[in-house]
Amino acid sequence: MSRVYNFSAGPAVLPEEVLKEAAEEMLDYRGCGMSVMEMSHRSKMFSDILESAEADLRDLMGIPDNYKVLFLQGGGSLQFAMVPLNLMPHGAADYIVTGQWAKKAFKEAQKFGDVKAIASSEDKTFSYIPDCSDLPVRENADYVYICENNTIYGTKYKKLPNTKGKILVADQSSCFLSEPVDVEKYGMIWGGVQKNVGPAGLVVAIIREDLIPKEELPGVPTMLQYKTQADAGSLYNTPNCYGIYICGKVFQWLKKQGGLSAMKERNEKKAAVLYDYLDQSKLFKGTVVKEDRSLMNVPFVTGDKDLDAEFVKAAKEAGFENLKGHRTVGGMRASIYNAMPKEGIQALVEFMTDFEKKHL
Ligand code: PMP
(Lines give C-alpha, C1' and ligand atoms only; values in the text may rest on other atoms or scores of the structure.)
Protein backbone atom coordinates (compact mmCIF):
# COMPACT_ATOMS: atom_id res chain seq x y z
CA MET A 1 0.00 0.00 0.00
CA SER A 2 1.26 3.44 -0.75
CA ARG A 3 -0.61 6.62 0.06
CA VAL A 4 0.09 9.96 -1.57
CA TYR A 5 -0.06 13.41 -0.03
CA ASN A 6 -3.49 14.47 -1.22
CA PHE A 7 -4.02 18.24 -1.43
CA SER A 8 -7.50 17.97 -2.97
CA ALA A 9 -10.07 20.65 -2.11
CA GLY A 10 -12.76 18.03 -1.72
CA PRO A 11 -13.45 15.17 -1.56
CA ALA A 12 -10.28 15.34 0.44
CA VAL A 13 -7.84 13.60 2.74
CA LEU A 14 -9.34 11.83 5.77
CA PRO A 15 -7.51 10.64 8.89
CA GLU A 16 -5.74 7.37 8.13
CA GLU A 17 -6.77 5.99 11.52
CA VAL A 18 -10.43 6.48 10.62
CA LEU A 19 -10.05 4.80 7.25
CA LYS A 20 -8.26 1.84 8.82
CA GLU A 21 -10.90 1.43 11.48
CA ALA A 22 -13.65 1.57 8.86
CA ALA A 23 -11.79 -1.01 6.79
CA GLU A 24 -11.57 -3.33 9.80
CA GLU A 25 -15.30 -2.95 10.41
CA MET A 26 -16.29 -3.23 6.76
CA LEU A 27 -17.57 -6.81 6.75
CA ASP A 28 -18.67 -7.17 10.33
CA TYR A 29 -19.53 -4.08 12.32
CA ARG A 30 -18.89 -4.89 15.99
CA GLY A 31 -20.09 -8.46 15.81
CA CYS A 32 -23.41 -7.82 14.08
CA GLY A 33 -22.31 -9.74 10.99
CA MET A 34 -22.90 -6.98 8.49
CA SER A 35 -21.41 -3.76 7.21
CA VAL A 36 -22.85 -0.39 8.25
CA MET A 37 -23.69 -0.06 4.56
CA GLU A 38 -26.02 -3.06 4.80
CA MET A 39 -27.78 -2.12 8.00
CA SER A 40 -31.34 -0.84 8.35
CA HIS A 41 -31.40 2.85 9.16
CA ARG A 42 -34.14 2.00 11.70
CA SER A 43 -31.99 -0.58 13.52
CA LYS A 44 -30.72 -0.09 17.08
CA MET A 45 -27.15 -0.41 15.76
CA PHE A 46 -27.60 2.50 13.38
CA SER A 47 -29.56 4.64 15.86
CA ASP A 48 -26.57 4.34 18.18
CA ILE A 49 -24.21 5.45 15.40
CA LEU A 50 -26.41 8.47 14.60
CA GLU A 51 -26.93 9.45 18.20
CA SER A 52 -23.25 9.18 19.09
CA ALA A 53 -22.30 11.20 16.00
CA GLU A 54 -24.67 13.99 16.99
CA ALA A 55 -23.59 13.90 20.65
CA ASP A 56 -19.89 14.06 19.71
CA LEU A 57 -20.49 16.94 17.31
CA ARG A 58 -22.46 18.85 19.97
CA ASP A 59 -19.62 18.27 22.37
CA LEU A 60 -16.90 19.32 19.94
CA MET A 61 -18.61 22.53 18.84
CA GLY A 62 -20.41 23.31 22.09
CA ILE A 63 -23.76 23.40 20.30
CA PRO A 64 -26.45 24.76 22.63
CA ASP A 65 -29.63 22.75 23.22
CA ASN A 66 -31.79 25.21 21.32
CA TYR A 67 -30.01 24.33 18.08
CA LYS A 68 -30.97 21.32 15.96
CA VAL A 69 -28.34 19.23 14.23
CA LEU A 70 -29.50 17.79 10.93
CA PHE A 71 -27.77 15.33 8.62
CA LEU A 72 -28.99 16.16 5.12
CA GLN A 73 -28.42 15.02 1.57
CA GLY A 74 -28.14 16.87 -1.73
CA GLY A 75 -24.66 18.27 -1.14
CA GLY A 76 -23.75 21.83 -0.36
CA SER A 77 -25.50 23.12 -3.46
CA LEU A 78 -28.95 22.08 -2.26
CA GLN A 79 -28.50 24.32 0.77
CA PHE A 80 -28.25 27.25 -1.64
CA ALA A 81 -31.99 26.67 -2.19
CA MET A 82 -33.04 25.26 1.18
CA VAL A 83 -31.72 28.24 3.12
CA PRO A 84 -33.90 30.83 1.34
CA LEU A 85 -36.87 28.45 1.06
CA ASN A 86 -36.94 27.94 4.82
CA LEU A 87 -35.36 30.96 6.45
CA MET A 88 -36.91 33.82 4.50
CA PRO A 89 -40.40 34.32 5.99
CA HIS A 90 -40.49 37.98 4.90
CA GLY A 91 -39.06 37.20 1.48
CA ALA A 92 -35.82 39.20 1.71
CA ALA A 93 -32.17 38.39 2.46
CA ASP A 94 -28.75 40.03 2.10
CA TYR A 95 -25.70 38.23 0.76
CA ILE A 96 -21.97 38.94 0.95
CA VAL A 97 -20.35 37.68 -2.22
CA THR A 98 -16.77 36.55 -1.59
CA GLY A 99 -16.33 33.84 -4.20
CA GLN A 100 -18.04 31.43 -6.51
CA TRP A 101 -19.85 29.46 -3.83
CA ALA A 102 -21.25 32.60 -2.24
CA LYS A 103 -22.24 33.81 -5.68
CA LYS A 104 -23.98 30.56 -6.52
CA ALA A 105 -25.85 30.74 -3.22
CA PHE A 106 -26.81 34.35 -3.97
CA LYS A 107 -28.04 33.54 -7.48
CA GLU A 108 -30.05 30.56 -6.26
CA ALA A 109 -31.66 32.58 -3.48
CA GLN A 110 -32.73 35.21 -6.01
CA LYS A 111 -35.17 32.64 -7.37
CA PHE A 112 -37.08 32.78 -4.14
CA GLY A 113 -37.31 36.40 -3.08
CA ASP A 114 -35.85 39.87 -2.83
CA VAL A 115 -32.20 38.99 -2.44
CA LYS A 116 -29.45 41.57 -2.57
CA ALA A 117 -25.65 41.47 -2.59
CA ILE A 118 -24.62 44.04 0.01
CA ALA A 119 -20.87 43.55 -0.44
CA SER A 120 -18.55 41.77 -2.85
CA SER A 121 -14.85 41.22 -3.43
CA GLU A 122 -15.24 40.34 -7.09
CA ASP A 123 -13.46 43.59 -8.12
CA LYS A 124 -10.14 41.98 -7.12
CA THR A 125 -10.85 38.38 -8.12
CA PHE A 126 -12.14 37.55 -4.64
CA SER A 127 -8.64 37.86 -3.17
CA TYR A 128 -9.86 39.52 0.05
CA ILE A 129 -12.80 39.71 2.45
CA PRO A 130 -14.65 43.03 2.29
CA ASP A 131 -14.90 45.29 5.34
CA CYS A 132 -18.14 44.06 6.94
CA SER A 133 -18.26 46.41 9.92
CA ASP A 134 -20.95 48.74 8.58
CA LEU A 135 -22.79 47.19 5.66
CA PRO A 136 -26.12 48.44 4.30
CA VAL A 137 -28.05 45.53 5.85
CA ARG A 138 -31.69 46.05 4.96
CA GLU A 139 -34.35 46.54 7.59
CA ASN A 140 -36.54 43.82 6.05
CA ALA A 141 -33.76 41.24 5.52
CA ASP A 142 -34.49 37.89 7.17
CA TYR A 143 -30.81 36.98 7.31
CA VAL A 144 -27.31 37.87 6.18
CA TYR A 145 -25.48 35.10 4.34
CA ILE A 146 -21.76 34.42 4.13
CA CYS A 147 -19.45 31.72 2.82
CA GLU A 148 -17.03 31.74 5.74
CA ASN A 149 -14.09 30.06 4.03
CA ASN A 150 -13.77 30.45 0.30
CA THR A 151 -12.45 27.14 -0.98
CA ILE A 152 -11.47 28.34 -4.45
CA TYR A 153 -9.87 31.68 -3.58
CA GLY A 154 -8.40 30.79 -0.18
CA THR A 155 -9.90 33.56 1.92
CA LYS A 156 -11.52 33.30 5.34
CA TYR A 157 -13.47 35.71 7.53
CA LYS A 158 -11.31 36.47 10.57
CA LYS A 159 -14.12 38.52 12.03
CA LEU A 160 -17.81 37.87 11.47
CA PRO A 161 -19.82 40.62 9.74
CA ASN A 162 -21.82 43.12 11.70
CA THR A 163 -25.30 41.95 10.69
CA LYS A 164 -27.00 44.80 12.55
CA GLY A 165 -29.09 42.41 14.55
CA LYS A 166 -30.06 40.16 11.64
CA ILE A 167 -29.51 36.42 11.71
CA LEU A 168 -26.22 35.20 10.30
CA VAL A 169 -26.23 32.13 8.03
CA ALA A 170 -22.83 30.66 7.20
CA ASP A 171 -21.60 28.09 4.73
CA GLN A 172 -18.67 26.59 6.64
CA SER A 173 -18.08 23.70 4.23
CA SER A 174 -14.35 24.21 3.87
CA CYS A 175 -13.54 25.33 7.41
CA PHE A 176 -15.95 23.07 9.27
CA LEU A 177 -14.39 21.84 12.54
CA SER A 178 -11.02 23.42 11.73
CA GLU A 179 -11.26 25.75 14.73
CA PRO A 180 -13.69 26.58 17.55
CA VAL A 181 -16.79 28.60 16.65
CA ASP A 182 -19.28 30.42 18.82
CA VAL A 183 -22.45 28.76 17.52
CA GLU A 184 -24.69 31.32 19.22
CA LYS A 185 -23.43 34.02 16.89
CA TYR A 186 -25.17 32.24 14.04
CA GLY A 187 -28.77 31.45 13.15
CA MET A 188 -27.52 28.61 11.03
CA ILE A 189 -24.21 26.99 10.17
CA TRP A 190 -24.02 24.38 7.49
CA GLY A 191 -21.23 22.43 5.87
CA GLY A 192 -20.82 19.85 3.15
CA VAL A 193 -18.67 17.23 4.87
CA GLN A 194 -16.44 16.20 1.97
CA LYS A 195 -13.63 18.55 2.90
CA ASN A 196 -12.85 18.25 6.57
CA VAL A 197 -15.10 15.47 7.81
CA GLY A 198 -16.25 12.65 5.59
CA PRO A 199 -17.49 11.30 2.28
CA ALA A 200 -19.34 13.54 -0.20
CA GLY A 201 -23.13 13.66 -0.31
CA LEU A 202 -23.77 14.62 3.28
CA VAL A 203 -24.35 18.03 4.80
CA VAL A 204 -24.40 18.87 8.48
CA ALA A 205 -26.79 21.70 9.32
CA ILE A 206 -26.92 23.38 12.71
CA ILE A 207 -30.03 25.55 13.00
CA ARG A 208 -31.48 27.58 15.83
CA GLU A 209 -34.75 25.87 16.60
CA ASP A 210 -36.97 28.95 16.51
CA LEU A 211 -35.89 29.66 12.91
CA ILE A 212 -37.22 26.34 11.61
CA PRO A 213 -40.71 27.01 10.24
CA LYS A 214 -43.36 25.74 12.70
CA GLU A 215 -45.85 24.86 9.97
CA GLU A 216 -45.35 23.04 6.71
CA LEU A 217 -44.40 25.44 3.93
CA PRO A 218 -46.96 25.37 1.14
CA GLY A 219 -45.54 24.55 -2.27
CA VAL A 220 -42.13 23.49 -0.91
CA PRO A 221 -41.19 19.82 -1.46
CA THR A 222 -41.30 17.82 1.78
CA MET A 223 -37.63 16.89 1.51
CA LEU A 224 -36.60 20.53 1.18
CA GLN A 225 -38.16 21.60 4.48
CA TYR A 226 -35.92 21.67 7.54
CA LYS A 227 -39.02 20.92 9.60
CA THR A 228 -39.33 17.51 7.97
CA GLN A 229 -35.88 16.34 9.03
CA ALA A 230 -35.91 18.19 12.34
CA ASP A 231 -39.18 16.48 13.36
CA ALA A 232 -37.83 13.11 12.25
CA GLY A 233 -34.35 13.37 13.80
CA SER A 234 -32.74 13.23 10.33
CA LEU A 235 -34.60 9.95 9.68
CA TYR A 236 -37.57 11.10 7.62
CA ASN A 237 -36.22 8.94 4.82
CA THR A 238 -33.11 6.79 4.43
CA PRO A 239 -30.16 9.02 5.25
CA ASN A 240 -26.60 8.73 4.01
CA CYS A 241 -25.94 6.06 6.64
CA TYR A 242 -22.36 5.26 5.73
CA GLY A 243 -21.48 8.94 5.49
CA ILE A 244 -22.87 9.58 8.96
CA TYR A 245 -20.87 6.63 10.30
CA ILE A 246 -17.58 7.98 8.88
CA CYS A 247 -18.34 11.50 10.13
CA GLY A 248 -18.99 10.03 13.56
CA LYS A 249 -15.56 8.42 13.50
CA VAL A 250 -13.95 11.70 12.46
CA PHE A 251 -15.73 13.50 15.33
CA GLN A 252 -14.21 10.94 17.71
CA TRP A 253 -10.81 11.35 16.10
CA LEU A 254 -11.08 15.14 16.58
CA LYS A 255 -11.91 14.65 20.25
CA LYS A 256 -8.86 12.42 20.61
CA GLN A 257 -6.70 15.14 19.03
CA GLY A 258 -7.79 17.49 21.80
CA GLY A 259 -10.85 19.12 20.21
CA LEU A 260 -11.20 22.22 18.09
CA SER A 261 -8.82 24.51 20.02
CA ALA A 262 -6.06 21.97 19.54
CA MET A 263 -6.99 21.66 15.85
CA LYS A 264 -6.81 25.42 15.42
CA GLU A 265 -3.35 25.54 16.95
CA ARG A 266 -2.22 22.68 14.75
CA ASN A 267 -3.80 24.15 11.62
CA GLU A 268 -2.12 27.52 12.26
CA LYS A 269 1.28 25.87 12.60
CA LYS A 270 0.69 23.77 9.51
CA ALA A 271 -0.47 26.69 7.35
CA ALA A 272 2.48 28.82 8.55
CA VAL A 273 4.93 26.33 7.05
CA LEU A 274 3.49 26.98 3.59
CA TYR A 275 2.73 30.70 3.96
CA ASP A 276 6.18 31.45 5.40
CA TYR A 277 7.77 29.75 2.46
CA LEU A 278 5.53 31.59 -0.03
CA ASP A 279 6.32 34.94 1.58
CA GLN A 280 10.03 34.58 0.93
CA SER A 281 9.90 32.65 -2.35
CA LYS A 282 11.14 34.37 -5.51
CA LEU A 283 9.20 32.01 -7.74
CA PHE A 284 5.88 31.27 -6.05
CA LYS A 285 3.52 33.76 -4.53
CA GLY A 286 0.29 33.53 -2.58
CA THR A 287 -2.72 35.23 -4.19
CA VAL A 288 -4.61 36.38 -1.07
CA VAL A 289 -4.13 39.48 1.08
CA LYS A 290 -2.32 38.36 4.22
CA GLU A 291 -4.95 39.22 6.80
CA ASP A 292 -7.66 37.16 5.08
CA ARG A 293 -5.68 34.00 4.42
CA SER A 294 -7.45 30.70 4.91
CA LEU A 295 -5.88 28.00 7.07
CA MET A 296 -7.46 25.36 4.85
CA ASN A 297 -6.98 26.36 1.20
CA VAL A 298 -3.77 27.98 0.00
CA PRO A 299 -3.72 29.21 -3.61
CA PHE A 300 -0.46 30.26 -5.21
CA VAL A 301 1.01 31.00 -8.64
CA THR A 302 4.33 31.45 -10.38
CA GLY A 303 2.91 34.10 -12.70
CA ASP A 304 3.60 31.90 -15.73
CA LYS A 305 0.84 29.48 -16.80
CA ASP A 306 3.20 27.04 -18.48
CA LEU A 307 5.43 26.90 -15.46
CA ASP A 308 2.38 26.37 -13.22
CA ALA A 309 1.40 23.38 -15.36
CA GLU A 310 4.96 22.05 -15.26
CA PHE A 311 4.98 22.36 -11.48
CA VAL A 312 1.65 20.53 -11.06
CA LYS A 313 2.89 17.73 -13.30
CA ALA A 314 6.25 17.38 -11.54
CA ALA A 315 4.56 17.50 -8.13
CA LYS A 316 2.20 14.72 -9.13
CA GLU A 317 5.10 12.58 -10.25
CA ALA A 318 6.70 13.14 -6.85
CA GLY A 319 3.56 12.00 -4.98
CA PHE A 320 1.83 15.33 -4.30
CA GLU A 321 -1.68 14.99 -5.71
CA ASN A 322 -4.36 17.49 -6.66
CA LEU A 323 -2.34 20.69 -6.52
CA LYS A 324 -3.95 22.20 -9.61
CA GLY A 325 -5.97 25.32 -8.86
CA HIS A 326 -9.74 25.37 -9.46
CA ARG A 327 -10.56 25.06 -13.15
CA THR A 328 -11.91 28.64 -13.19
CA VAL A 329 -8.82 30.35 -11.72
CA GLY A 330 -5.80 28.25 -12.69
CA GLY A 331 -2.50 28.32 -10.79
CA MET A 332 -2.08 26.01 -7.81
CA ARG A 333 -3.97 25.37 -4.62
CA ALA A 334 -2.93 23.25 -1.67
CA SER A 335 -5.85 22.26 0.51
CA ILE A 336 -4.50 21.41 3.92
CA TYR A 337 -7.49 20.23 5.92
CA ASN A 338 -7.45 18.78 9.45
CA ALA A 339 -6.28 15.36 8.26
CA MET A 340 -3.27 16.62 6.26
CA PRO A 341 -0.23 15.88 8.41
CA LYS A 342 2.36 18.62 8.94
CA GLU A 343 4.92 16.32 7.34
CA GLY A 344 2.90 16.49 4.11
CA ILE A 345 3.23 20.26 4.02
CA GLN A 346 6.90 20.17 4.98
CA ALA A 347 7.53 17.69 2.17
CA LEU A 348 5.65 19.94 -0.26
CA VAL A 349 7.70 22.96 0.77
CA GLU A 350 10.92 20.99 0.28
CA PHE A 351 9.73 19.99 -3.16
CA MET A 352 8.82 23.61 -4.00
CA THR A 353 12.21 24.85 -2.77
CA ASP A 354 13.90 22.37 -5.04
CA PHE A 355 11.69 23.30 -7.99
CA GLU A 356 12.42 26.97 -7.36
CA LYS A 357 16.18 26.38 -7.44
CA LYS A 358 15.88 24.69 -10.80
CA HIS A 359 13.61 27.31 -12.35
CA LEU A 360 14.93 30.67 -11.28
N1 PMP B 1 -19.75 25.62 -0.50
C2 PMP B 1 -18.41 25.55 -0.49
C3 PMP B 1 -17.65 26.51 0.38
C4 PMP B 1 -17.76 24.62 -1.29
O5 PMP B 1 -16.41 24.57 -1.29
C6 PMP B 1 -18.52 23.73 -2.07
C7 PMP B 1 -17.89 22.63 -2.91
N8 PMP B 1 -16.60 22.69 -3.23
C9 PMP B 1 -19.91 23.85 -2.07
C10 PMP B 1 -20.49 24.79 -1.26
C11 PMP B 1 -20.78 22.95 -2.92
O12 PMP B 1 -20.82 21.68 -2.41
P13 PMP B 1 -21.41 20.43 -3.21
O14 PMP B 1 -20.43 20.11 -4.29
O15 PMP B 1 -21.52 19.37 -2.17
O16 PMP B 1 -22.72 20.83 -3.78
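Source: prediction; values computed, not measured.

A.B. asks: What is the right way to look at the packing of aromatic side chains in this model?
C.D. replies: Two aromatic rings are characterised by how far apart their centres lie and by the angle between their planes. As enumerated under the stated definition, the model contains 18 aromatic pairs in all. Consider the rings of Phe284 and Phe355, whose centres lie 6.1 Å apart with planes at 40 degrees: the pair is tilted. Of this pair, Phe284 sits in the loop between α7 (259–280) and β11 (285–286) while Phe355 sits in helix α9 (residues 342–359); the two residues are 71 residues apart in sequence, bridging distant segments of the chain. Residue class for Phe284 comes out buried when judged on its relative accessible area of 0%. By relative accessible area, Phe355 is classed as buried at 6%. Plain terms: the ring middles of Phe300 and Phe311 are 6.2 Å apart, the flat faces sit at 70 degrees to each other, and that makes the pair edge-to-face. Of this pair, Phe300 sits in strand β12 (residues 297–301) while Phe311 sits in helix α8 (residues 305–317), placing them eleven residues apart in sequence. Looking at Phe300, the relative accessible area reads 1%, which means it is buried. Put simply, the rings of Tyr5, Phe7, Tyr277, Phe284, Phe300, Phe311, Phe320, Phe351 and Phe355 touch in pairs and so form one group of aromatic residues. When the ring centre of Tyr128 is taken as origin, the NZ or CZ atom of Lys124, which lies over that ring, is 5.7 Å away.

A.B. asks: Could you clarify how one ought to interpret the site of the ligand in this entry?
C.D. replies: All residues in the neighbourhood of the ligand are listed as Gly75, Gly76, Ser77, Phe80, Trp101, Cys147, Asn149, Thr151, Asp171, Ser173, Gln194 and Lys195. Within the side chain of Gln194, an N or O atom sits 2.9 Å from an oxygen atom of the ligand. Bound to the protein, the ligand loses 83% of the 390 Å² it would expose on its own. The residue inventory of the shell around the ligand, partitioned by class, reads three nonpolar, seven polar and two charged.

A.B. asks: So what exactly am I meant to see when it comes to the sheet that holds strand β14 (residues 332–335) here?
C.D. replies: Picture the strands of a sheet paired through backbone hydrogen bonds; they go either parallel or antiparallel. Pairing is antiparallel across the open sheet formed by three strands, whose spatial order is β11-β12-β14. Whereas interior strands pair on both sides, the edge strands pair on one side only; in this sheet they are β11 and β14. Where β12 and β14 come together, four bridges link them in antiparallel fashion. Bridging from a neighbouring strand, Val298 pairs with Ala334 of β14.

A.B. asks: Would you mind showing me how to read the sheet that holds strand β8 (residues 167–171) here?
C.D. replies: Across the sheet, seven strands lie side by side as β2-β10-β9-β8-β5-β3-β4; this open sheet has mixed pairing. Of all the strands in the sheet, just β2 (67–72) and β4 (114–120) have a single pairing partner and so form its edges. Averaged over all adjacent pairs, the angle separating strand axes in this sheet is 20 degrees, with direction ignored. Pairing of strand β3 (residues 92–97) with strand β5 (residues 143–147), which is carried by two bridges, proceeds in the parallel orientation. Looking across to β5, one finds that Asp94 is bridged to Val144. Of the strands in this sheet, β2, β3, β5, β8, β9 (188–192) and β10 (203–208) touch helix α3 (residues 75–87), which is tilted by about 160 degrees from β9.

A.B. asks: Sorry if this is basic, but what is going on with helix α6 (residues 241–256) here?
C.D. replies: The periodicity of an α-helix, 3.6 residues per turn, causes residues three or four positions apart to be oriented the same way. Helix length check: α6 (16 residues) gives 23 Å between terminal C-alpha atoms against 22 Å at 1.5 Å per residue, within 8%. Counting buried residues along α6, 13 of its 16 residues qualify, which places the element largely inside the surrounding structure. One or two residues past the end of α6 sits Gly258, with phi positive at roughly 110 degrees.

A.B. asks: What am I meant to see in the packing of helix α2 (residues 44–61) against α6 here?
C.D. replies: In helix packing, the relevant descriptors are the interaxial angle and the interaxial distance, both defined with respect to the helix axes. Running from amino to carboxyl end, α2 crosses α6 at an angle of 40 degrees, the nearest separation of the two axes being 9 Å. Classified by the angle between their axes, α2 and α6 sit oblique to one another. Crossing handedness for the pair α2 and α6: left-handed. On the side of α2, the interface is formed by Phe46, Ile49, Leu50, Ala53, Asp56, Leu57, Asp59 and Leu60, while α6 contributes Cys241, Ile244, Tyr245, Gly248, Phe251, Gln252, Leu254 and Lys255. Classifying every residue of the contact of α2 with α6 by side-chain character gives eleven nonpolar, two polar and three charged.

A.B. asks: Teacher, can you tell me more about the domain arrangement of the chain here?
C.D. replies: A common way to report how large an interface is uses the accessible area buried once the components associate. Looking at the chain, the domain boundaries give domain 1 (16–256) and domain 2 (258–358). For domain 1 versus domain 2, the separation of C-alpha centres amounts to 27 Å. In total, domain 1 and domain 2 occlude about 2200 Å² of area from one another, counting both sides; carbon and sulfur atoms represent 55% of this. Of all residues in domain 1, the largest losses of buried area upon contact with domain 2 belong to Ile152, Gly154 and Ser178, amounting jointly to 20% of the total for that side.

A.B. asks: Help me understand the pattern of salt bridges, please; the structure alone is not making it clear to me.
C.D. replies: Any two side chains of opposite charge can pair, on the condition that their charged atoms come close. This model, assessed by the stated rule, comprises 25 salt bridges. For Glu17, the salt bridge goes to Lys256, with nearest N and O atoms at 3.4 Å. Taken together, the residues span a long stretch of sequence, with Glu17 in helix α1 (residues 16–24) and Lys256 in helix α6 at a distance of 239 residues. Residue class for Glu17 comes out partly exposed when judged on its relative accessible area of 44%. Between Glu108 and Lys111 there is a salt bridge, and its shortest N-O distance comes to 3.5 Å. Overall, the relative accessible area of 25% leaves Glu108 in the partly exposed class. Residue Lys111 is classed as exposed on the basis of its relative accessible area of 60%. Here the salt bridges do not stand alone but share partners, grouping Glu21, Glu25, Arg30 and Lys249 into one network.

Cut-offs applied
Residues numbered from 1 in each chain as written. Predicted model: local features only at pLDDT ≥ 70, side-chain atom pairs only at ≥ 80, totals over all residues. Heavy atoms only, no water. Phe/Tyr/Trp six-rings, centres within 6.5 Å; stacked < 30°, edge-to-face > 60°. Helix = DSSP H or I, 4+ residues; strand = E, 2+ residues; numbered from the N terminus. Buried < 20%, exposed > 50% of the residue type's maximum accessible area, 1.4 Å probe, protein only. Lys NZ or Arg CZ within 6 Å of the ring centre and 35° of its normal. Near = heavy atom within 4 Å. Polar contact = N/O pair within 3.5 Å; in protein donor to acceptor, adjacent residues only side chain to side chain. Areas by Shrake-Rupley, 256 points an atom, 1.4 Å probe, with all protein chains shown as cover. Nonpolar A, V, L, I, M, F, W, Y, C, P; charged D, E, K, R; others polar. Pairing = 2+ DSSP bridges. Axes fitted to C-alpha atoms, helices over the stretch in contact; angles between N-to-C directions. Contact = heavy atoms within 4.5 Å. Expected span 1.5 Å × (residues − 1). Parallel < 35°, antiparallel > 145°, perpendicular 65-115°, else oblique. Left-handed = near helix turned anticlockwise from the far one by under 90°. Domains from an automatic or database assignment. Buried area = accessible area lost by both parts, 1.4 Å probe. Salt bridge = Lys/Arg side-chain N within 4 Å of Asp/Glu carboxyl O.

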